[in-house]
Amino acid sequence: MSVIVDLPPTRPATERPGFLRRLFADYGQELVVLAAIIVLFAVVMLVNPRFISANNLTTIFAGNAYIAVAAIGMAMVIITGHIDVSVGALIGVLATISGTLAVAGYPVWIAWLAPVLVGMAVNACIGALVAYARIPSIVVTLGALSIMRGGLISFTGGTWITDLPPAFLIAQKSVFGLPVPLVFMVVLTVLAALWMRYSAFGRSLYAIGGNAEAALATGIPVERRTVAVFVIHGAFAGLATILFATQLQVIQSTVPPNLELTVITAAVIGGVSILGGSGTVIGSTLATILFATIGSALIFVNVSAYWLRAVIGLLILATVLADMLRRRGRL
Amino acid sequence: MTAAPYVSLTGMSKSFVGVKALKDVSFDVRPGEVHALLGENGAGKSTLIKMMSGLYSPDAGTITIDGKEVRFASTRDASAAGIATVYQELLLFPELTVAENVFLGNYPRRPGGWIDWSEVRARTRALLDQLDTFDLDVDAKVLTLSVAQRQRVEIAKALSKDARILIMDEPTASLVESDVQRLMAVVRQLRERGVGIVYVSHRMPEIFALADRVTVLRDGGYVATRDIGEVDEAELVSMMVGRPIDSLFPKAEAAIGDTVLEVKNLNHGRHVQDLSFSLRRGEILGVAGLVGSGRTELALTLFGMTPATSGSISLEGRTVSITSPRQARDLGIAYVPEDRGQQGLVKQMAIRKNVSMASIERFSSGIFIKAGEEAQRALDAVKRLRVRCRNIAQPVGELSGGNQQKVVIAKWLETNPKVLILDEPTRGVDVGAKAEIHTIMGELVKQGVAILMISSELPEVLGMSDRILVISGGRLTGEIDRADATPERVGMAMTAHQSGEAA
């Protein structure tokens with residue numbers, strides 16, 4: 001039974017808006033990114049039809065899937081009003097752990113599971129420092145970044161892990177004719193998107209990112225949720241590690257430099273507000289695909305790939321500016 | 001005694017987006033007097049002092065300084081005319097030192113434009129010494145100072161600009177008793193030196209101890225100006241409140257049932273001290289008190305934001321311990337906070353999501369929210385409480401204050417609360433929505449909800465409550481039944497000295 005208060009109605013019932021309106025209201029930025037990808041594909045295809053060869057598509061989608069998977073967790077963290085600049089270093093550490101276990105002859109499932117569990121554990125510590133010690137997440141994760149990056153290089157001496165057992169290299173396999181990384185990316189994005197949109201947990205993350213004090217005053221356990229979102233982010237970093245560590249025959253202890261920035265950028269360009277409280281994981285995945293497409297397109301139209309970072313930089317500024325303008329207009 | 005006024009305001013009027021905040025008010029201050037400005041929240045005190053300090057420009061009316069008409073285009077003009085203001089929320093820079101703050105924007109220079117820091121420090125020292133504040137280090141960062149010390153820094157800052165008129169907006173609202181005494185000494189000293197002081201306060205003892213004259217405003221209009229010797233406390237309170245209260249606040253008659261909430265000897269810090277009271281089904285219990293009396297702190301303690309350090313709370317006869325808002329919510333307590341933007345709403349979120357926020361676990365199946373049911377509930381709530389909005393997908397931040405407040409109330413009604421705590425339910429809400437919120441309260445008590453209503457608006461407390469608790473200095477200073485409640489009685493208890501007997 002709910003408490004009912006009846007006041008005489010003064011105006012007709014206010015209805016729920018229609019489907020298309022909701023689609024544009026909820027996924028505006030995502031649709032923009034999707035449109036950009038489609039336009040880019042169309043244009044580059046006209047210039048060079050080999051752009052849509054199976055080989056190149058695999059490079060674009062499967063080769064960058066690990067970034068998209070890591071960006072899912074990052075999007076959740078940013079939506080909650082935090083940031084993690086240590087995820088690149090974490091993936092480096094996790095890849096080394098995973099590869100070392102595989103080479104040492106442990107069953108491959110252990111080598112796959114370990115990075116997920118260790119990622120969760122590491123991020124549980126980070127989340128606890130953020131939630132309970134109330135240290136800003138950028139500070140905690142900057143510290144974690146230094147510790148992990150420095151520790152990794154000292155530990156491995158910068159050497160590569162080689163002689164990985166073939167069974168370990170899951171990213172090079174296919175299911176139903178589709179590359180495993182692509183399947184990972186799509187399945188994880190869809191599950192995470194549904195969970196963020198339709199679960200009470202996901203909803204609470206948006207509330208915390210939007211106004212943590214109001215969330216607390218509404219009975220949302222803000223501290224527990226903060227730890228939880230970091231732990232989940234750690235799990236996604238672990239899953240991303242599996243794809244990253246198994247895509248080549250060797251594991252380099254130098255992960256792609258600035259990986260954390262690429263991941264954060266994907267979230268932001270995908271529509272996740274850097275101030276917290278809005279955005280989706282669909283956006284972060286689409287933005288990752290957009291970067292990969294731009295990178296590949298530059299090669300196909302014979303432009304130096306170094307322009308990729310500059311283009312992405314412009315996209316970041318444009319996106320954040322649009323977000324700020326939207327907020328100013330609204331609040 | 002009757003020197004010519006230094007500053008006079010005549011026929012001042014000011015509207016904000018169509019709402020008259022001040023209507024034809026006249027006010028003057030003589031050198032060497034303390035002129036108290038009295039009125040309820042929303043009476044127009046702040047608007048008046050903001051016009052005197054150049055922050056607002058009046059729609060109509062004139063300001064004269066020493067008999068000459070002036071216009072203040074900015075606070076700089078007012079400051080040049082010798083008018084300085086110490087606002088309730090002190091406007092100092094915490095990371096700068098005392099001396100840096102005092103002369104900020106006004107630094108004495110050496111030739112070549114360099115700031116003369118030794119001069120800054122020496123003159124700050126001299127100003128503080130004049131205020132008998134020998135214990136304050138001019139090199140201390142402001143963030144290390146107490147509220148009372150900061151206030152003295154503000155006063156020194158005003159004096160550094162040779163203020164002839166000092167406006168003090170509720171200067172004692174957040175001070176402890178010993179600091180109040182010290183501040184009053186400073187005010188008297190300034191008066192001896194010929195400074196005219198505008199003293200805004202609700203606290204009757206201070207007004208009678210300090211003021212030479214008192215002006216009362218009500219609803220943006222001028223009521224009267226009197227010499228302090230001509231009036232007594234009861235008269236002032238009725239001048240502040242005096243309007244037919246019952247016609248404005250339709251009190252719904254609800255059957256009052258069993259005790260729902262029983263609080264015994266509740267303590268938290270110095271704002272909640274040894275409070276005991278009970279609340280029954282269908283009852284509206286008003287809580288009155290001045291700013292800083294501990295009204296809101298009581299609510300925060302009951303709701304688990306600042307858990308009680310001792311004392312007991314029982315709900316429907318069962319003793320409970322409440323250590324988090326979540327626990328309070330699950331026990332059937334709801335809290336509509338004083339500052340809805342800060343604690344009540346996620347402004348960029350849709351109305352639908354704000355409405356469901358406190359109750360979302362109740363209509364989730366498995367891990368997923370039943371989206372259709374959520375939308376339906378939000379639609380129903382919007383219709384029932386008459387929230388004026390485009391649709392339920394509209395972000396709450398776009399709604400007016402009154403409609404935002406209805407969304408906060410709707411959010412808590414979704415939890416079927418037994419006890420609803422309303423903290424300033426109609427603050428910043430327009431008149432129409434205010435009446436609607438009062439109607440909603442009436443409907444709720446008819447259905448057996450127990451309401452604890454905190455309000456700094458005396459007419460609202462008197463008009464809506466079945467019983468009134470009065471808090472002063474964190475202690476209960478009165479418990480008055482509706483039949484016996486008069487503005488004078490409640491006002492007396494509100495200003496009762498902290499050591500006054502507990503009811």
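Residues numbered from 1 in each chain as written. Chains lettered and ligands numbered in written order. Predicted model: local features only at pLDDT ≥ 70, side-chain atom pairs only at ≥ 80, totals over all residues.

**Some details on the overall build of chain A**
Working step 1: If you tally the helices and strands in chain A, you get 13 helices and 2 strands.
Working step 2: Here chain A has a C-alpha radius of gyration of 21 Å; the compact-globule value for 331 residues is 20 Å, and the two agree.
Working step 3: By principal-axis analysis of the C-alpha atoms, chain A measures approximately 75 × 55 × 35 Å.
Working step 4: A buried classification covers 47% of the 331 residues belonging to chain A.
Working step 5: When contacts within chain A are restricted to residue pairs at least 6 apart in sequence, long-range pairs at least 24 apart make up 79% of them. (Helix = DSSP H or I, 4+ residues; strand = E, 2+ residues; numbered from the N terminus. Rg over C-alpha atoms; globule rule 2.2 N^0.38 Å. Buried ≥ 20, exposed ≤ 12 C-beta atoms within 10 Å, placed from the backbone. Contact = placed C-beta atoms within 7 Å.)

**Side note on the nonpolar core**
Working step 1: Counting residues in each nonpolar core, the largest one holds 182 residues, and the members touching the most others are A:V69, A:A70, A:I91, B:I421, B:I451 and B:V490.
Working step 2: Mapping this core onto the domain boundaries places at least three of its residues in each of domain 2 (244-332 + 418-503) and domain 3 (344-416) of chain B.
Working step 3: When residues no more than four places from it in sequence are discounted, the contact partners of A:V69 are A:F184, A:M185, A:L188, A:F236, A:L239, A:A240 and A:L243.
Working step 4: Ranked by size, the runner-up nonpolar core spans 62 residues in total, among them B:V120, B:L166, B:M204 and B:Y222. (Core = buried A, V, L, I, M, F, W, Y, C linked by C-beta atoms within 7 Å. Domains from an automatic or database assignment.)

**Considering the interface of chain A and chain B**
Working step 1: Each partner contributes residues to the interface: chain A has 35 residues there, and chain B has 48 residues.
Working step 2: When contributions to the side of chain A that touches chain B are tallied by element, the ones reaching two or more residues are α1 (19-47), α8 (200-210) and α9 (212-217) of chain A.
Working step 3: Sorting elements by how many residues they give to the side of chain A that touches chain B places α8(A) first, with 5 residues.
Working step 4: When the residues that make up the side of chain A that touches chain B are grouped by side-chain class, the tally is 18 nonpolar, 10 polar and 7 charged. (Nonpolar A, V, L, I, M, F, W, Y, C, P; charged D, E, K, R; others polar.)

**As for unusual backbone geometry**
Working note: non-glycine residues mostly have negative phi, and peptide bonds are mostly trans.
Working step 1: Phi angles above zero are rare outside glycine, and A:F176 is one such case at about 50 degrees.
Working step 2: With respect to the helices, strands and loops of the structure, A:F176 is situated in the loop between β1 (174-175) and β2 (178-179).
Working step 3: Even without a glycine there, the phi angle at B:D274 is positive, about 55 degrees.
Working step 4: Within the fold, B:D274 resides in strand β12 (residues 272-280).

**A few points about the confidence of the model for chain B**
Residues and elements named next belong to chain B.
Working step 1: Per-residue pLDDT for chain B averages 86, and the proportion of residues at 70 or more is 94%.
Working step 2: Low confidence marks residues 499-503, where pLDDT is under 50. Its contacts with residues over four positions away, or in another chain, come to 8 contacts.
Working step 3: The complex model carries a pTM of 0.73, and its ipTM stands at 0.83. (pLDDT = per-residue confidence, 0-100.)

**Notes on the sheet that holds strand β20 (residues 450-454) of chain B**
Residues and elements named next belong to chain B.
Working step 1: Read from one edge to the other, the open sheet built from 6 strands follows the order β16-β19-β20-β13-β21-β22, with strand pairing classed as mixed. Every interior strand has two partners, whereas the edge strands, β16 (333-336) and β22 (475-481), have only one. Neighbour-to-neighbour, the strand axes of this sheet turn through a mean angle of 20 degrees, independent of strand direction.
Working step 2: Looking at chain direction, strand β21 (residues 467-472) and β22 are connected through 6 bridges and run antiparallel. Residue pairing for β22: V470 is matched across the bridge by G478.
Working step 3: Helix α18 (residues 487-494) contacts β13 (284-289), β21 and β22 of the sheet and is inclined by roughly 30 degrees relative to β21. (Pairing = 2+ DSSP bridges. Axes fitted to C-alpha atoms, helices over the stretch in contact; angles between N-to-C directions.)

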